[in-house]
Amino acid sequence: TGGIGKAILAKAMALDAKVKKHAISLIIGIDFFPKPELRDEKEKELNAELAKISSSNSSGSPGCRAVVLHWDAASLNSTQALVTSIDSATTVVDACVITTGMGFHGVATELTVEASHKALRRLADVNYIGPCLLASHLVTKQMRTTLSRLRQTPTISVLSSFSGVIGLPARAAYCGSKFALNGYLESLYADAPYFQLTLLCPTTVATGFRNAWKSGDLGKISTGVNDSSVAALTPAECADAVWRAVERETVSSADAHRADAKFDPKNKYWASANGTVEYVILKGFGPTLASFMVHATSPTVATYIRNKALTSASKL
């Protein structure tokens, strides 16, 4: 309904939108809709728009329809209801884009135990546990069917964060949740190497993301970051990178953050006949972050940043 998710939805609803060269027949939109009538209104709106697009399609191919579902990523009951609804709507998922998440800024040494626990628990539920449960369900069920039916690699693209690649100041709890997300999904691929996983890791994006969490309980305990001078990416830039990951049939080394991000038993890196794992770093560094990266005093951290962020990263 907003930000990066809205920009990605616009691409999926375009007249010529395709997944692996196939026209899209079903879009399942997932968001937080506290009231059922809001969800129903959004579903009606999307289907009306898709009907208009279909009427202008001269190819004669069937149109796309939309199903809109509610999800509170922090709730197990909500996640269980979500996957049940997905199973009812379709038996095959060719591509999934997960953008759910919430932020938090807090200097670890300035937070009480109670405040740290509150931030860690909430971020773990929303940024890590919920998305991982959804991805695991799709890989276990619908994406096996995709592979056998179409002989093509299903895709999961997850909007993670640069904070899931290196630890950053005043973001310990947030970085922890994103590191956990990335680690789980890499391991999920190791357990089921028949899908294409792309972890998109932008720095700062110009959305209402920060305002959303700052207006809640976590905003009351936030410390340590001034956002006034942050140079941000646009939602459109992120959506473009996500959609390239959805559309492509094979991983392009030019797009990959880690060219060796494939698993091979002999060489101990990720590879598969059917699937791949890759990181894509989207750069938009503000002065504070750039200064931290350039002046990192620890040799280990400095080498890590130089190798994994500065020389290898590409802005897509």
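For the structure itself, consult the block above.
This is a predicted model, so every value here is computed, not measured. (Residues numbered from 1 in each chain as written. Predicted model: local features only at pLDDT ≥ 70, side-chain atom pairs only at ≥ 80, totals over all residues. Heavy atoms only, no water.)

(A) Fine view of helix H2 (residues 36-55). Here H2 spans 29 Å end to end across 20 residues, near enough to the 28 Å set by a 1.5 Å rise per residue. Among the residues of H2, those classed as buried are Lys42, Leu46 and Leu50. All buried residues of H2 lie within an arc of 65 degrees about the axis, which places them on one face of the element. Exposed side of H2, more than 90 degrees from the buried face: Glu41, Lys44, Lys52 and Ser55 are the residues found there. Buried residues in H2 make contact with helix H1 (3-12) and strand S4 (65-70). (Helix = DSSP H or I, 4+ residues; strand = E, 2+ residues; numbered from the N terminus. Expected span 1.5 Å × (residues − 1). Buried < 20%, exposed > 50% of the residue type's maximum accessible area, 1.4 Å probe, protein only. Arc of directions from axis to C-beta. Contact = heavy atoms within 4.5 Å.)

(B) Molecular detail of a nonpolar patch on the surface. On the surface, Leu76, Ile129 and Leu133 cluster together into a nonpolar patch covering about 240 Å² of accessible area. The topology assignment puts Leu76 in helix H3 (residues 76-89). (Patch = residues over 30% accessible without salt bridge, like charges linked within 9 Å, V, L, I, M, F, W, Y side chains within 5 Å. Areas by Shrake-Rupley, 256 points an atom, 1.4 Å probe, with all protein chains shown as cover. Salt bridge = Lys/Arg side-chain N within 4 Å of Asp/Glu carboxyl O.)

(C) Focus on unusual backbone geometry. We note that Ala170 has phi near 65 degrees; this positive angle belongs to a residue other than glycine. Take Ala170: it is sitting in the loop between strand S6 (155-159) and helix H6 (172-191). Taking the relative accessible area as the measure of exposure, Ala170 reaches 13% and is therefore buried.

(D) Region of the structure containing the pairing of S6. For S6, a buried count of five out of five residues is recorded, marking the element as mostly surrounded by other parts of the structure. Neither face of S6 is left uncovered, since the one carrying Thr155, Ser157 and Leu159 and the one carrying Ile156 and Val158 both have all their residues buried. Pairing between strand S5 (residues 95-98) and S6: four bridges, direction parallel. Residue pairing in the sheet places Ile98 in a bridge with Val158 of S6. (Pairing = 2+ DSSP bridges.)

(E) Spotlight on the packing of H1 against helix H8 (residues 235-247). For the pair H1 and H8, interaxial distance at closest approach is 8 Å and the crossing angle is 50 degrees. Judged on the interaxial angle alone, H8 and H1 are oblique. Two packed elements cross with a definite hand, and for H1 against H8 that hand is right-handed. In this structure, H1 contributes Gly3, Ile4, Ala7, Ile8, Lys11 and Ala12 to the contact, and H8 contributes Pro235, Cys238, Ala239, Asp240, Val242 and Trp243. Class assignment for the residues of the contact of H1 with H8 results in nine nonpolar, one polar and two charged. (Axes fitted to C-alpha atoms, helices over the stretch in contact; angles between N-to-C directions. Parallel < 35°, antiparallel > 145°, perpendicular 65-115°, else oblique. Left-handed = near helix turned anticlockwise from the far one by under 90°. Nonpolar A, V, L, I, M, F, W, Y, C, P; charged D, E, K, R; others polar.)

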